[in-house]
Amino acid sequence: MTALAHTAGAGTHAGGPAPGQGRRRGGIAAYLLLLPGALWLVLFFLLPLIQLFAVSLQSGFPGYPGYYYRDVNAGNYLTAITQFAGHFGRSLLYAGLATFFAFVLAYPLAYAMAFKAGRWRNVMMIAVIAPFFTSFILRTIAWRQILADEGPVARVLNTLHLLPGGRITETWVAVVAGLTYNFLPFMVLPIYASLERADPKVIEAGGDLYANGFTTFRTVTLPVSLPGVIAGTLLTFIPAAGDYVNAELLGSDRSTKMVGNVIESQFFRVLGGFPVAAALSFTLMALILAMVFVYVRRFGTEELL
Amino acid sequence: MTSKPPPADPMLRRLAQLTISRRGLLGAAGLGAAATGLAACAPPLPPAGGPAAVKLPTDRSDTEKVVRWANWTAYLDYDEGTKKYPTLEAFIAKTGIKASYTEDIEDNDSYVNKVAPQLRAKQDIDRDIFTLTDWMAARVIRDGMVQPLDIIHMPNVGAMLEPLKDVSFDPGRTHSITWQSGFAGIGYNKAKVGRDLKSLDDLWADDLKGRVVVLSEFRDTAALIMQQQGVDISNPFTKVQIEKAFAEVDKRISDGHIRRVKGNSYLEDLKSGNALAGIVWSGDLFILRAETENPDWQFVIPESGGTLWSDNMMVPITSTHRKNAMALMNYYYDPAVAAKVAAYVNYICPVQGAQREMEKIDPELAKSPFIFPSADYIKQHNIQGFRALSPAEDAEYSAAWAKVVGN
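Residues numbered from 1 in each chain as written. Chains lettered and ligands numbered in written order. Predicted model: local features only at pLDDT ≥ 70, side-chain atom pairs only at ≥ 80, totals over all residues. Heavy atoms only, no water.

## Considerations on the side chain of Thr 87 of chain B
Residues and elements named next belong to chain B.
Stage number 1. For Thr 87, the position within the fold is in helix H3 (residues 86-95).
Stage number 2. Thr 87 gets classed as buried once you look at its relative accessible area, which sits at 3%.
Stage number 3. A distance of 2.9 Å separates polar atoms of two side chains, one belonging to Thr 87 and the other to Tyr 332.
Stage number 4. Among all residues touching Thr 87, those that are not within four sequence positions of it are Leu 76, Asp 77, Tyr 331, Tyr 332, Val 337, Lys 340 and Val 341. (Helix = DSSP H or I, 4+ residues; strand = E, 2+ residues; numbered from the N terminus. Buried < 20%, exposed > 50% of the residue type's maximum accessible area, 1.4 Å probe, protein only. Polar contact = N/O pair within 3.5 Å; in protein donor to acceptor, adjacent residues only side chain to side chain. Contact = heavy atoms within 4.5 Å.)

Pasting the structure below:
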């Protein structure tokens, strides 16, 4: 920081700084460095958030659907919570399931990449990242085709009589599978980064101290990778809870809708639904924030807080 | 302000519930201003709509030779080989106006609710023409979201079919020009269903459970069901009657018979085989048949009747290319051009004289009742237009429908 402050100071004050002023100007430089980011956040995060909050308290104009006026109408929040409780529950449940499945799939994969892959490591890395080269929505639409009734998966399962409802799309299974698929890389990469950074000697030491493989994993490897696991679960759970693409494309009209879908339909389909949609967005945000706070407090490491 | 707005002055309320005419709205505004003075707590007035209150943006058509058109899927002749729209290309070549075309509209609600806040705030939505169904056209015209058109600069439009020339939502066609009209009915894959579907009861047959898609607007789906229940949708019907149709849809969704309720993207479900049949729009099935070269795709008007609707081209209030937009509308009313479009989209062509032009392109299509229906055909098949709803009914039924379809 001192070095940065010095160069910044040198540009503005050719005379050279007096010793006592260096510290103060260091502060200014730090603020200047923060400025672009802060400006960005204020412009594209804070202001829209304030606007959204204002909308969430508006009232519809009686008799003129689609027109609103400024108000302090907390009733929107009541509607959001009472009328759409099921959607909130489903969002958290599906996001939780997707996070769990993503973890179960990602941990062995990240482990293999970090310790066993050898020269295949880069290939595996590309395989994990490659899906990002195509749009998330297009990939989900592709899944819709793959899982379609007359697609290969449903046909095989139907022949084996393993598909109770006779179909995969328009079920919660498809939605959770889609969420798991779409957010898997966000789980793999942080866990891989944690494991890859781990000192192999520490893990070897477990064996040297007569711990069997499982005990070493439980007491050494897993704790070492915990920051990655925490980061991965957050990166998966938070966007998955707010996601609406998977439920829209792979789910049904009623029984698998998540909060994101209700927000979308309140905004775009229900005339006069803006305030409730904004209230739903805010409630979801608060809910996730609270859950993440508790979670990180309970399991988190210093590296995250 | 209290947490809930106090009930407005009953007089004002009654005025608001009437079908709002231009004068009615202004009158309400005037009365409202007086009411606001009396009751300090009454909510502020909404911006008065209607053309009188509208200041048109400066038309830059002469310097900016562009026109940007938002339309529905599969609604303009398209050449798979060149990936272009032949009639649109011809328009560009003829006039030098660069026309861009986007298939933005999935259904009326989602499109208009998305752009309405921008239009009310007078922000450009990057479109100079949008194409909306009658009832939504009524709403955007009433709300002052579209610009008036100069019929005098569109000589071809005189060839519009007589019944379309004077419609209740736009008397004298001062704000909208019909793009196409069509029917809603039953579409299905005959080979996979294995029989002919003739009525809605056939659609609810057990073996089609979970393989049926229906349209997301109640003026299509619920209307067909109302007709089956013996209701005349073109004349005043009661709330009980429409709710009975909603209940039927509700039941079919709950028991899993209806797989999805969708806008224009229902076509994908038919293509992928997730759905074998559904309540659909006439032209789409003919395009599907042509695209897949599969004659098994069938469209029928149910025995109990079908619906007739029109989509209308309008110029959004924020467009600065009104003249170019009118040039494009005028171009598509040239009977030869209209026939080319109709030969592809298979919707009802709104242009007189197009049938003669069609004979040169495809004599078979010139006889198609789905493109050039005769008055007899419409009468025989009990094809009706959904009656105009008052704003209050519109809001009430839309909200009830939104719940039924899971919104």
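Moving on, there is more to tell.
## Some words on the environment of Met 187 of chain A
Residue and element names in this part refer to chain A.
Stage number 1. Its place among the elements puts Met 187 in helix H8 (residues 172-197).
Stage number 2. Residue classification places Met 187 among the buried positions, given a relative accessible area of 0%.
Stage number 3. A sequence separation of 46 residues divides Met 187 from Thr 233, and the C-alpha atoms of the two residues are 6.4 Å apart.

## Some thoughts on a nonpolar patch on the surface
All names here are of chain A.
Stage number 1. On the surface, Trp 40, Leu 41, Val 42, Leu 43, Phe 44, Phe 45, Leu 46, Leu 47 and Ile 50 cluster together into a nonpolar patch covering about 930 Å² of accessible area.
Stage number 2. If you trace the backbone, Ile 50 turns up in helix H2 (residues 22-56).
Stage number 3. Classification of Ile 50 as exposed rests on a relative accessible area of 51%. (Patch = residues over 30% accessible without salt bridge, like charges linked within 9 Å, V, L, I, M, F, W, Y side chains within 5 Å. Areas by Shrake-Rupley, 256 points an atom, 1.4 Å probe, with all protein chains shown as cover. Salt bridge = Lys/Arg side-chain N within 4 Å of Asp/Glu carboxyl O.)

## Details of helix H12 (residues 282-292) of chain B
Residue and element names in this part refer to chain B.
Stage number 1. For H12, the full list of buried residues reads Ser 282, Gly 283, Asp 284, Leu 285, Phe 286, Ile 287 and Leu 288.
Stage number 2. Buried positions along H12 lie against strand S4 (177-189), helix H11 (266-272), strand S7 (277-281), strand S8 (297-300) and helix H14 (335-345).
Stage number 3. Note on H12: the residue one or two positions beyond its end, Glu 293, has a positive phi of about 50 degrees.

## What about the pairing of S4 of chain B?
Residues and elements named next belong to chain B.
Stage number 1. Counting buried positions along S4 gives 13 out of 13 residues, so the element sits mostly inside the fold.
Stage number 2. One ladder, built from seven bridges, connects S4 with strand S9 (residues 306-314); its direction is antiparallel. Paired with Ser 181 across the two strands is Ser 310, which belongs to S9.
Stage number 3. As paired strands, S4 and S7 are joined by five bridges and run antiparallel to one another. Each residue of the ladder has a partner; that of Ala 184, found in S7, is Trp 281.
Stage number 4. In this sheet, S8 lies alongside S4 in antiparallel orientation, the contact comprising four bridges. Its bridge partner being in S8, Ile 186 is matched across the sheet by Val 300. (Pairing = 2+ DSSP bridges.)

## Quick word on the nonpolar core
Stage number 1. Counting residues in each nonpolar core, the largest one holds 123 residues, and the members touching the most others are Trp 69 and Tyr 332 of chain B.
Stage number 2. Trp 69 of chain B has contacts with Leu 76, Leu 88, Ser 100, Tyr 101, Thr 102, Arg 127, Ile 129, Thr 131, Trp 179, Met 313, Leu 328 and Tyr 332 of chain B, leaving out every residue within four places of it along the chain.
Stage number 3. The next biggest cluster of nonpolar side chains, apart from the first, holds 31 residues, and it includes Leu 57, Tyr 94, Val 262 and Val 292 of chain A. (Core = buried A, V, L, I, M, F, W, Y, C linked by side-chain atoms within 4.5 Å.)

## Re the confidence of the model for chain A
Predicted coordinates in regions of low pLDDT should not be interpreted in detail.
Stage number 1. Per-residue pLDDT for chain A has a mean of 87; in total, 90% of the residues score no lower than 70.
Stage number 2. The low-confidence segment residues 1-22 of chain A, where pLDDT is below 50, has nine contacts with residues more than four positions distant or belonging to other chains. (pLDDT = per-residue confidence, 0-100.)

## Considering the pairing of strand S6 (residues 258-262) of chain B
All names here are of chain B.
Stage number 1. Most of S6 sits out of view: five of its five residues are buried.
Stage number 2. Pairing of strand S5 (residues 212-215) with S6 involves four bridges; the strand directions are parallel. Pairing of Val 212 across the sheet is with Ile 258, part of S6.

## Quick look at the packing of H8 of chain A against helix H10 (residues 213-242) of chain A
Residues and elements named next belong to chain A.
Stage number 1. At a closest axis distance of 8 Å, the pairing of H8 and H10 adopts a crossing angle of 155 degrees. Considering their axes alone, H8 and H10 lie roughly antiparallel with respect to each other. Crossing angle aside, the handedness with which H8 passes H10 is right-handed.
Stage number 2. Each residue belonging to the contact of H8 with H10 can be placed in one class, and the counts come to 14 nonpolar, seven polar and no charged. (Axes fitted to C-alpha atoms, helices over the stretch in contact; angles between N-to-C directions. Parallel < 35°, antiparallel > 145°, perpendicular 65-115°, else oblique. Left-handed = near helix turned anticlockwise from the far one by under 90°. Nonpolar A, V, L, I, M, F, W, Y, C, P; charged D, E, K, R; others polar.)

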